[in-house]
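# Chain and residue survey
If you want the building blocks of each chain, they are given just below.
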Amino acid sequence: MTSVAPGVRDVELLRAMAHRIDPQDPGAFNNLGVLYHSKGLHADAVEAFLRALALDPRMRTAARNLEIAAAQNGACDARLTALATRLEADEFDLDARRERARLLRLIGRHAEAAQQFDALIAEDPDDAASLFERGLIEQAAGDLRRAQRWFERAVNAASDDPISRLHLAEVLYQRGQNEQALDALTDLLAICPTIAEAHLLHGFVLGDMGRHEAARAAAQLAASINPALQTLQADLSIESAASH
């Protein structure tokens, strides 16, 4: 009978977990990524964090975890190599170009990502996905004025995209433009009334404007759509795990 070393067995069990967790639960993939990272499986961790962010692009814990995991030598090599191979076969593969630029943004290589998204936008000024990603880069850098402009262009290019509208409203709120943020949220909720994060942000904006009863109602509605919004954050962080 062949014995399996404990470390190898642990890795096999971890990888088996990926097939057992809820495929629509971003928190589960984030937490799995932290476990992968703790075992030195940095490439697996990157894939898990990317899966979490594909399910929930606004998951900041997963975004930070991804940046940490991706900084490890070789962590993103396989995915970037696969994208390079696709582009060698077809340099006009727009999906591969966007995916490569998005990956560079997610792993913190913002200057390279911005350059590649700018090239995509130069070819198609109405490329809503690339316009939105450029806004995210500026928002991460703290330049909210420029982020607002990119998100406005993304909304104009794809008026039915709720995520671009949500980020635009968020940036307007961060800039203290409460009336404009309220208008953006009103338009968003008319299109898609079941986005819990939009109702939560709506509550913050109304609260800042002194409309406290309406703010409480918006927060309660957000929690009724997504009860997790009223509970403690259960998503694991690489940084907090390392500190323990």
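Residues numbered from 1 in each chain as written. Predicted model: local features only at pLDDT ≥ 70, side-chain atom pairs only at ≥ 80, totals over all residues. Heavy atoms only, no water.

Right, let's get into the nonpolar core. If you look at the biggest cluster of nonpolar residues, it comprises 38 residues, and the most contacted ones within it are Tyr36, Val46, Phe49, Leu66 and Ile107. Contributions of two or more residues to this core are made by helix H2 (26–38), helix H3 (42–55), helix H4 (60–70), helix H5 (77–89), helix H6 (94–106) and helix H7 (110–123). The element that contributes the greatest number of residues to this core is H3, accounting for 7 residues. Not counting residues up to four positions away in its chain, the partners in contact with Leu66 are Val46, Phe49, Leu50, Leu53, Leu106 and Ile107. Core analysis: the next-biggest nonpolar cluster, separate from the first, contains 27 residues, Leu136, Val155, Ala181 and Leu206 among them. (Core = buried A, V, L, I, M, F, W, Y, C linked by side-chain atoms within 4.5 Å. Buried < 20%, exposed > 50% of the residue type's maximum accessible area, 1.4 Å probe, protein only. Helix = DSSP H or I, 4+ residues; strand = E, 2+ residues; numbered from the N terminus. Contact = heavy atoms within 4.5 Å.)

Two elements in contact, H6 and helix H8 (residues 128–141), have axes whose closest approach is 11 Å; the angle formed by their N-to-C orientations is 10°. As judged from the angle between their axes, H6 and H8 are roughly parallel. Of the residues in H8, those touching H6 at Arg98, Arg102 and Arg105 are Ala129, Ser130, Glu133, Leu136 and Ile137. Residues that form the contact of H6 with H8 fall into these classes: 3 nonpolar, 1 polar and 4 charged. (Axes fitted to C-alpha atoms, helices over the stretch in contact; angles between N-to-C directions. Parallel < 35°, antiparallel > 145°, perpendicular 65-115°, else oblique. Nonpolar A, V, L, I, M, F, W, Y, C, P; charged D, E, K, R; others polar.)

The next subject is the confidence of the model for the chain. Mean pLDDT over the chain works out to 88, with 91% of the residues at or above the 70 mark. Of the regions scoring below 50 in pLDDT, residues 1–6 engages in 2 contacts with residues more than four places distant in sequence or in other chains. (pLDDT = per-residue confidence, 0-100.)

The calculated volume of the second largest pocket comes to roughly 610 Å³. Around the second largest pocket, the lining is made up of 22 residues, and of these Pro57, Ala63, Arg105, Leu106 and Leu136 lie nearest the centre. At the level of secondary structure, the elements contributing two or more residues to the lining of the second largest pocket comprise H3, H4, H6, H8 and helix H10 (162–174). At 6 residues, H8 tops the list of elements feeding residues into the lining of the second largest pocket. Taken together, the residues that form the lining of the second largest pocket break down as 11 nonpolar, 4 polar and 7 charged. (1 Å grid on protein atoms, 1.4 Å probe; cavity = no way out; pocket = protein on both sides within 12 Å on 5 of 7 lines; lining within 4 Å. Points joined across faces, edges and corners; volume = space filled by probe spheres on them.)

Taking 1.5 Å of rise per residue, 13 residues should cover 18 Å, and H5 covers 18 Å from first to last C-alpha, within 8% of that figure. Buried residues of H5: Leu80, Leu83 and Leu87, and no others. Seen end-on, H5 carries its buried residues on one side only, within an arc spanning 60°. Exposed residues on H5 whose side chains face more than 90 degrees from its buried face are Ala78, Glu88 and Ala89. (Expected span 1.5 Å × (residues − 1). Arc of directions from axis to C-beta.)

Structurally, Asn65 can be placed in helix H4. The buried category is assigned to Asn65, whose relative accessible area is 0%. With residues near it in sequence (within four places) discarded, Asn65 still touches Asn30, Val34, Phe49, Leu236, Ser237 and Ile238.

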